[in-house]
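# Architecture and fold: a report
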Amino acid sequence: MTPKKAIVWFDEVNKGDVGLVGGKGANLGEMTNANLPVPYGFIVTSNAYFDFIKKSNLEHKIKEVISIINYDNPNELQQASAHIKKLIIDSDMPVKLSHTIISYYEQIHAREHDRQIRTEGILKKANKSLKQLYKPEIVAVRSSATAEDLPSASFAGQQETYLNVQGDSRLLVKVKDCWASLFTPRAIYYRHQQGFDNIKVGLAVVVQRMAQSDKSGIAFSIDPLTNDKGKIVIEAIFGLGEYIVGGKVTPDHYEVDKRSFVFLKKEIKEQKILMKRAGISNTEERLSKERGNRQKISDEEITKVAMLVKDIEKHYFFPQDIEWAIEDDQVFIVQSRPITTMKSTQSSVAGSQSKADQLITENRIPILTGSPASPGIATGPVKIIYTPKEIDKIKPGDILVAPLTNPDYVPAMKKAAAIVTDRGGRTSHAAIVSRELGVPAVVGAENATKILKNDMFVTVNGATGEIFKGKISVHPQGGQARVDDNSSHPAGGQAQKIKTRTHAYVNLAEPEQAHKIALMNVDGVGLLRAEFMIAQIGTHPKEFIRLKKQEIFINRLAKDLTTFAKAFSPRPVIYRATDFKTNEYDHLKGGKEFEPHEENPMLGFRGAYRYIANPDVFELELEAIKKVFVLGYQNLHLMIPFVRVPWELIKIKEMVKKSGLYELPGFKLLIMVEVPACALYLEEFLKIGVSGVSVGTNDLTMMLLGVDRDNENISQLYDERNPVIIKVLKEIVTTATKYNVTSSICGQAASDYPDLVEELVKAGITSVSINPDAIDRTRESIHNIEKKLKL
């Protein structure tokens, strides 16, 4: 990329180009090139800004104004800002630059469409996009200062952002407005405090397709309050994200374990208003109490956001502060920047957290509580202000109390001993700046501006979110810490001696048996094991990849899959993806080079987690399935084995979607229920969305009973008819019925125990899958059970 360019696309820059496109622009380029879900756009570089300043003869005039400012006088800051902004807005933009901006603007839609085709193969979305190719794009126009979003200094919010901008002339106006916003009072003051030269700091302008978000929020890849690196913190609201950044509403607060994606905390807050797009402007809408008190994003969406946050932190090798939005059920990343408050917060936590847990006051009950936003304890007189025009009322040592804050409040925030706001969450402006300044803060303390009175003496505990009347004393020993088509598989294709409502499927592995078994009284294949076919190929998939001979593996597997699909068509064939354990995989040619040694492979590197860890191997299987569909067979489906936690399924679904399989007619995705966590937490998996579940009773029984089924010394303890097993199996079937997905059982138990099958038919199971030698007797048994139950 040429450093002299006036305009660049996102994918032409990366995190090393801060001097050219600013912190925001550099991070958007970096994430775009990492194939993260970023709404596409371009950047008017700092070269264009400096060229405009030079050709308009503004540099000397701006220097003159800056040189005489008294930075402690808010009125002088305001006057200087207004004068410089007028100089910029009244100057003409170079004609060549105007034409280039318009040219890039007209290409945004087509460029994003092309990227989707190249990187994701989103056929339906692409076709829809083509119809809208020449409609002027609605964009967000965001300032991106060249000293912004650096690890050493946070300039977040110092310049302007304009939403829902549409049309050439309006875009050009907003670009100049962004340039002028480099000299708002707050930006001039902030740069002076941080030691940046007001003339040398340039400004790039990001022009980005506007994500029309139904829900939006902010996330931190560490806990911003405690610097706990094991947590991801997410805050969410309904509508566009400006209200969460500005603190106009108090968001929901979620905490997620970074390693396992287990939810650690959920705080649901009432939201009274939201911002949404109305044409090419924004409008505020009041929410009903019922809607405002709902959880703002689903558990699945929380997990999706958390996974993206973890991916972004891993990419940058540094904790990140991320803005996200959800549009049409897809999570987009609007921006990411390094967290700049870790060092100051760390020292503050170390010094004050232990004290905060041991407060002793005359009245131990706080007069007000909110969300802890910046740790530390401070005592002082209350000063309530409602607008930035009142910031001169704040004197050193005051407790600043306001409905919310924005960057215009920063000069006052620097003087305050502590900060309290009516609204906002731990990711709002007040919270972020307080942590950066090392000032204790409590946000979202509803009615603080009414309950607290001017000159009232209070103590603010930023670590616990409590405000006490009067001073506090600290006892070194005392106190107590507070933490604070899914209904059933289609049958058919042959005459049946006995018909049953509950389908009878067969378990198969060898292609040579397909034609013979297809002639029997079965409704399809409920479990097509991959392992025999892979073993016949004989070489480890990674060895094919290493040799760049993936097509050999794909074609061999596709040929075997086609044998089954053809023999049973149109009856379903459910292919269980490879579930080799490490000690089985390493027997393949090249296997020992790729497989780790495990003491307990049964509970080791297998199933869904292996696909996530080795997506290149999983993609070979997906490509083989696609080849079967290309040949005209639409009865082959995919089942994922050994799913342990919901986020694995989310990730698998994303991979399957990316492969294009969801675009193929009739394709279904199912999961095996073998792990107790999946069985007992099944609703959370079904909320993510699958077409069906199939219980692998062998592994499930082993893990529920704690019995190694291959150990002859304790084999008598292993029995699928154990009441605990039956209870769990019935709950699985009931849950599947509730979510209108198919349920099946494909372990040995379905072939061996008619009484167990009867219990499951009563519960509403939609199919059983048995070994070939049990087909006739199981079909007859099911017929008798249904007759008895009058089904």
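Residues numbered from 1 in each chain as written. Predicted model: local features only at pLDDT ≥ 70, side-chain atom pairs only at ≥ 80, totals over all residues. Heavy atoms only, no water.

In the nomenclature of an unreviewed UniProt entry, the chain corresponds to Phosphoenolpyruvate synthase. Of the chain, the UniProt comment under Cofactor (unreviewed entry) reads exactly: "Mg(2+)". What UniProt records for the chain under Function (unreviewed entry) is the sentence "Catalyzes the phosphorylation of pyruvate to phosphoenolpyruvate." (UniProt positions renumbered as here; feature names shortened; annotations may be inferred.)

The subject of this paragraph is the sheet that holds strand β3 (residues 139–145). Within the open sheet, the five strands sit side by side as β1-β2-β5-β3-β4. Their pairing is antiparallel. Whereas interior strands pair on both sides, the edge strands pair on one side only; in this sheet they are β1 (7–9) and β4 (161–165). The mean inter-strand angle of the sheet, taken between neighbouring strand axes irrespective of direction, is 20°. Judged from the seven bridges that link them, β3 and strand β5 (residues 203–209) form a sheet pairing that is antiparallel. The residue of β5 that forms the bridge with A140 is Q208. Along the sheet, helix α1 (residues 18–33) contacts β1, β2 (41–44), β3 and β5; its crossing angle with β3, the most-contacted strand, is approximately 125°. (Pairing = 2+ DSSP bridges. Helix = DSSP H or I, 4+ residues; strand = E, 2+ residues; numbered from the N terminus. Axes fitted to C-alpha atoms, helices over the stretch in contact; angles between N-to-C directions. Contact = heavy atoms within 4.5 Å.)

Its volume calculated, the largest cavity comes out at about 200 Å³. What lines the largest cavity is a set of 21 residues, and nearest its centre among them are R142, G241, E242, A325 and V334. When residues of the lining of the largest cavity are traced back to their parent elements, those giving at least two are β3, β5, β6 (215–220), α9 (242–245) and β12 (320–327). The class makeup of the residues in the lining of the largest cavity is twelve nonpolar, five polar and four charged. (1 Å grid on protein atoms, 1.4 Å probe; cavity = no way out; pocket = protein on both sides within 12 Å on 5 of 7 lines; lining within 4 Å. Points joined across faces, edges and corners; volume = space filled by probe spheres on them. Nonpolar A, V, L, I, M, F, W, Y, C, P; charged D, E, K, R; others polar.)

One way to put it is that helix α28 (residues 723–738) packs onto helix α30 (residues 754–763) with a least axis distance of 9 Å and a crossing angle of 30°. On the basis of the axis angle, α28 is roughly parallel to α30. Crossing handedness for the pair α28 and α30: right-handed. Counted together, I726, L729, K730, V733 and T737 of α28 and L756, E759, L760 and A763 of α30 form the full contact between these two elements. Looking at the contact of α28 with α30, its residues break down into six nonpolar, one polar and two charged. (Parallel < 35°, antiparallel > 145°, perpendicular 65-115°, else oblique. Left-handed = near helix turned anticlockwise from the far one by under 90°.)

As a further point, take the pattern of salt bridges. Per the stated rule, a full pass over the model turns up 46 salt bridges. Note that K265 and E255 form a salt bridge whose closest N and O atoms lie 3.9 Å from each other. Linking K265 in strand β9 (residues 263–267) with E255 in strand β8 (residues 252–257), this pair joins segments that are ten residues apart in sequence. Since its relative accessible area comes to 5%, E255 is described here as buried. A salt bridge links D579 to R606, with the shortest nitrogen-to-oxygen separation between them at 2.6 Å. Within this pair, whereas D579 is found in the loop between β26 (573–576) and α20 (582–585), its partner R606 is found in the loop between α21 (591–594) and α22 (607–613), the two being separated by 27 residues in sequence. The residues D579 and R606 share a single accessibility class, namely buried. Taken together, the shared-partner salt bridges connect D223, K231, E235, E255, K265, E267 and R426 into one network. (Salt bridge = Lys/Arg side-chain N within 4 Å of Asp/Glu carboxyl O. Buried < 20%, exposed > 50% of the residue type's maximum accessible area, 1.4 Å probe, protein only.)

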